[in-house]
Amino acid sequence: MSSLFQSISRAAFALLPTLPYTPTEKTGCGGFAVKAHSLSARARTDGPVAFRDASFEIPCGCRTALIGPNGSGKSTLLRVLAGLTPAFTGEVEVAGTPPRLGQRRIAYLAQRPHLTEHFPLRLRRLVQMGTYAHHGWFEECFHGDTAVDQALFKMGLADLAERPVHTLSGGQLQRGLIARAIVQGAEVMLLDEPYAALDQASREIIDTFLFEQGHAFTVVMATHDPADLGRFDRILEMRGGTIHTNHACEGHDHRHA
Amino acid sequence: MLELIREPLGEAFFTRALLAVVLSSLTCACLGAYVVLRRMAFVSTALTHSILPGVIGALLLGISPYAGALVAALLTAAGAAWLASREGTSEDSAVGVMLSVMFAGGIALMQYANSWRDFAGLLFGSVVSVGSSDLIVIGSTTFIVLLGLRLLHKELELASFDEEYASLLGARPALMRVVLLALVALGAVSCVRLVGALLTTALFVIPAATGVLLGRTVPQVMAWGVACALSGGIAGLYLSYYFPAVPSGAGIVLCCAAPYLAARIFAPRR
């Protein structure tokens, strides 16, 4: 019965023209993952200026730490790069184009993701949402399972795939969201304090993925942990509403090429 | 016992109402899953209550009551969205304002049409009032709603669970919300004859709330919701057949509450 329904809907979806969420983008990182020039933004449209005149560049494949005290504009900068918050002056390019919504090459992980509580969803389905970036309107995902399985395995979640999302611990959920970004195939990962409130095990799994496996993606991570900084290739310090230091990131331009 | 079940089926009006209950159960329970999961119960109440001035206005103007009801429901949704767009008015209070204003307008119009009794069926539903033209409206609504939910399943699920990720991917969560409100308005309008303007909201909320207690995925929530709505709806119809004093809307809602209560007590904790 259910297989009959599935084959009928498969046929229906095959007949439907699929409108992509966004036109296909060209792939490949053209030297710089992020290029910002005198960027200023507010956290809220009527709020105070979060940072102004920020100019910096992040080469492809570079692991960048974004440090600074609370309220220095780290989160707003990441949201601007993700295309969620508009900048009111300056220019910025992420993965070769100005940030806008509907770009599958950029993944963003909020400090506190606003997920609907007690939503009936299994972990596998959450991770599968990353594949939507490669589908369009009306299309149901009947494939992409290998990528989902691999991402779950990488994040040490293979055994939890069928668990309801609201029964996961904070660390498991965070790893699930990173697995979703892996499935999305993002080239630029924007992470807002991903280690806040994580246990050691979750932290090590995420660390291994971000720092030790030679993946060809760029990381921009807001962090408060000074012990961490040694592992990053570049450190951007935000203080008093502007970017202060911009340590060089040498020889990482095409380190995974 | 079997005779008690079979007897009303001989009546044409009862089979029509039965068909209407089946179609409305599908519509309301499936849509209700999103209404409940997204905590839109209050908005759906406002939409269903605003049907009252729409229908009475349409009767006074001599146009189709369905058209009047749909216009009124869409007006409520648009009005609430406009009121809430100004800072200082929360969406909650905007919906509250629209709900009470529309309902008060309906009561004022009722005085013009000067009979309360004619409108009892409109408020609480009536088994005998479902005609074949109503069945066409209900059937096409069910078709549109189920098709919309099926085609936009992954977008609606994503936008309801993680709005920010939906906008990051370009899946337009704000548009999805509008689509959902429009479908709720359509669904509410289609079952006003059967359940009545005051009680339609229950058909969105109670079955889906049962589904949330029992289902682990959105399709499961919908399936349990449909089961609850179907059993409650059919039982309620029989109730109002054998106790003609009970309006069909009241009967259906009371009978839907039984499976909800059972699920609330016996469903395993998740």
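Residues numbered from 1 in each chain as written. Chains lettered and ligands numbered in written order. Predicted model: local features only at pLDDT ≥ 70, side-chain atom pairs only at ≥ 80, totals over all residues. Heavy atoms only, no water.

Take the overall build of chain A next. Across its full length, chain A holds 6 helices and 9 strands. Per-residue burial over chain A gives 52% buried out of 257 residues. A fraction of 72% describes how many contacts in chain A between residues 6 or more apart in sequence connect residues 24 or more apart. Accessible surface for chain A amounts to roughly 12,000 Å². Of this, 53% is attributable to carbon and sulfur atoms. (Helix = DSSP H or I, 4+ residues; strand = E, 2+ residues; numbered from the N terminus. Buried < 20%, exposed > 50% of the residue type's maximum accessible area, 1.4 Å probe, protein only. Contact = heavy atoms within 4.5 Å. Areas by Shrake-Rupley, 256 points an atom, 1.4 Å probe, with all protein chains shown as cover.)

Moving on: the interface of chain A and chain B. Size of an interface, as often reported, equals the accessible area lost when the parts are brought together. Contacts between the two partners involve 41 residues from chain A and, on the opposite side, 30 residues from chain B. Between chain A and chain B, roughly 3,300 Å² of surface is buried when both sides are summed, and carbon and sulfur atoms account for 61% of that area. The tally of links between chain A and chain B comes to 3 salt bridges. A salt bridge links A:Arg125 to B:Glu157, with the nearest nitrogen and oxygen atoms 2.7 Å apart. (Buried area = accessible area lost by both parts, 1.4 Å probe. Salt bridge = Lys/Arg side-chain N within 4 Å of Asp/Glu carboxyl O.)

Residues and elements named next belong to chain A. Among the structural elements, Phe211 can be located in helix H6 (residues 200–212). Under the relative-accessibility criterion, Phe211 is labelled buried at 16%. For the pair Phe211 and Arg231, spaced 20 residues apart in the sequence, the C-alpha separation amounts to 7.4 Å.

This next bit is on the side chain of B:His49. Looking at where B:His49 falls in the secondary structure, it is placed in helix H3 (residues 41–49). Among residues more than four places away in sequence, those in contact with B:His49 are B:Leu99, B:Phe103, B:Ala197 and B:Leu198.

Moving on, we come to empty space enclosed by the protein. For the structure shown, the criterion picks out 3 cavities of 30 Å³ or more. Within this model, the largest cavity holds a volume of roughly 80 Å³. Around the largest cavity sit A:Tyr108, A:Leu109, A:Ala110, A:Pro113, A:Leu177, A:Arg180, B:Asp162, B:Glu164, B:Tyr165 and B:Leu168, which together line it. For the lining of the largest cavity, the secondary-structure elements that each account for two or more residues are strand S5 (106–109) and helix H5 (170–184) of chain A together with helix H10 (163–169) of chain B. Broken down by element, the residue count for the lining of the largest cavity peaks at 3 residues, all from H10(B). Here the residues of the lining of the largest cavity sort into 7 nonpolar, no polar and 3 charged. (1 Å grid on protein atoms, 1.4 Å probe; cavity = no way out; pocket = protein on both sides within 12 Å on 5 of 7 lines; lining within 4 Å. Points joined across faces, edges and corners; volume = space filled by probe spheres on them. Nonpolar A, V, L, I, M, F, W, Y, C, P; charged D, E, K, R; others polar.)

Where empty space is left becomes clear once a probe the size of a water molecule has been rolled over the atoms. Residues and elements named next belong to chain A. When its volume is computed, the second largest pocket comes out at roughly 510 Å³. Along its surface, the second largest pocket is lined by 22 residues, and Ser75, Thr76, Arg79, Gln111 and Asp192 are the ones closest to its centre. Where the lining of the second largest pocket is concerned, the elements lending two or more residues are strand S2 (49–59) and helix H2 (74–82). With 4 residues, H2 is the single largest residue contributor to the lining of the second largest pocket. For the lining of the second largest pocket, the per-class residue count stands at 5 nonpolar, 10 polar and 7 charged.

Moving on: the sheet that holds strand S4 (residues 87–94) of chain A. Residues and elements named next belong to chain A. Strands sit in the order S2-S1-S4 across an open sheet of 3 strands; the sheet is antiparallel. In this open sheet, the two strands that pair with only one neighbour each are S2 and S4. Neighbouring strand axes in the sheet, compared pairwise and without regard to direction, differ in orientation by 10° on average. Bridge analysis of strand S1 (residues 32–42) against S4 gives 6 bridges, and the strand direction is antiparallel. Following the sheet pairing, Val34 is matched in S4 by Val94. Its contacts with the sheet put H2 on S1, S2 and S4, and the angle it makes with S1 is roughly 120°. (Pairing = 2+ DSSP bridges. Axes fitted to C-alpha atoms, helices over the stretch in contact; angles between N-to-C directions.)

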